[in-house]
Amino acid sequence: SDSHFPVPISPSHVDYSLHYPQLFPSSGQADSSKKIQFADVGCGFGGLLISLSTLFPETLMIGMELRDKVTEYVKERILSLRVANPGKYQNVSVVRTNSMKYIPNYFEKGQLSKMFFLFPDPHFKEKNHRRRVISPFLLDEYAYVLEVELEADPVVKLLCSATEEGQKVARNGGQTFQAVFRRIAPSDQT
Ligand code: SAM
């Protein structure tokens, strides 16, 4: 049950020195500007995290896994990779937890730039639907911890103010309305 694993009472109580000892040598969250940005929810044996670790070497990331033995396996996997590749895999860690209950204990509002839910258990039987990590009830919580990407993108701030037309509107006390479009590849065309 949940009583077998510790849960931080708030994101500021997550001990980064335990997870990323080379980056946070002293106890606690030494460099508070550096926070976990990727979470792999139900990370299983950690393959995605291991690949992401070298692809995004500057990003702190964590796997959240319910099964104790699987979590221990991922911990060992990361530790041996760190030993075999000095200086690498320092940005990746794993925690045993129930992501359906404790996400807000780990991450502040808007902290995460990416959340991964890869091959989550489908729980086909209706009586088990409540165990699905993707469910309408949890979307608010996921939205809470996710960064609003457009606001974080430095380019977006320029859209209203950097062009001469935009400056003219601002000078005249007008309003600007910005729209950002995301291209979706059509499924029926090549
Ligand atoms: N993402 C991995 C992959 O693609 O190989 C693992 C997929 S596996 C089908 C689903 C994983 O989610 C299992 O390891 C399971 O223990 C974990 N899981 C299920 N519910 C969870 C929860 N509430 N909190 C954390 N992990 C959970």
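Structure: above.
Residues numbered from 1 in each chain as written. Predicted model: local features only at pLDDT ≥ 70, side-chain atom pairs only at ≥ 80, totals over all residues. Heavy atoms only, no water.

Chemist: Can you tell me about the pairing of strand β2 (residues 60–65), naming the residues and giving the values?
Modeler: By the criterion of burial, β2 is predominantly enclosed, with six of the six residues buried. Neither face of β2 is open: one carries Leu60, Ile62 and Met64, the other Met61, Gly63 and Glu65, and all of them are buried. When strand β1 (residues 36–41) meets β2, the two strands line up parallel, connected through five bridges. Counted as the bridge partner of isoleucine 36 is leucine 60 from β2. Crossover handedness for the path β1 to helix α2 (residues 47–55) to β2: right-handed. When β2 meets strand β3 (residues 92–96), the two strands line up parallel, connected through five bridges. When the bridges of β3 are listed, glutamate 65 appears paired with arginine 96. As for the winding sense of the linkage, the β-α-β connection from β2 through helix α3 (residues 68–84) to β3 is right-handed. (Buried < 20%, exposed > 50% of the residue type's maximum accessible area, 1.4 Å probe, protein only. Helix = DSSP H or I, 4+ residues; strand = E, 2+ residues; numbered from the N terminus. Pairing = 2+ DSSP bridges. Right-handed = clockwise from strand over helix to strand, strands pointing away.)

Chemist: I'd like a rundown of the site of the ligand, residues and numbers included.
Modeler: Around the ligand, the structure places 15 residues, and the nearest of them are Gly42, Glu65, Arg67, Asn98 and Leu118. Between the ligand and glycine 42 there is a distance of 2.9 Å, counted from a nitrogen atom to a backbone nitrogen or oxygen. The side chain of asparagine 98 places a nitrogen or oxygen atom 2.8 Å from a nitrogen atom of the ligand. Within the complex, 78% of the 600 Å² of free accessible area of the ligand lies under protein. Broken down by class, the residue content of the shell around the ligand amounts to seven nonpolar, five polar and three charged. (Near = heavy atom within 4 Å. Polar contact = N/O pair within 3.5 Å; in protein donor to acceptor, adjacent residues only side chain to side chain. Areas by Shrake-Rupley, 256 points an atom, 1.4 Å probe, with all protein chains shown as cover. Nonpolar A, V, L, I, M, F, W, Y, C, P; charged D, E, K, R; others polar.)

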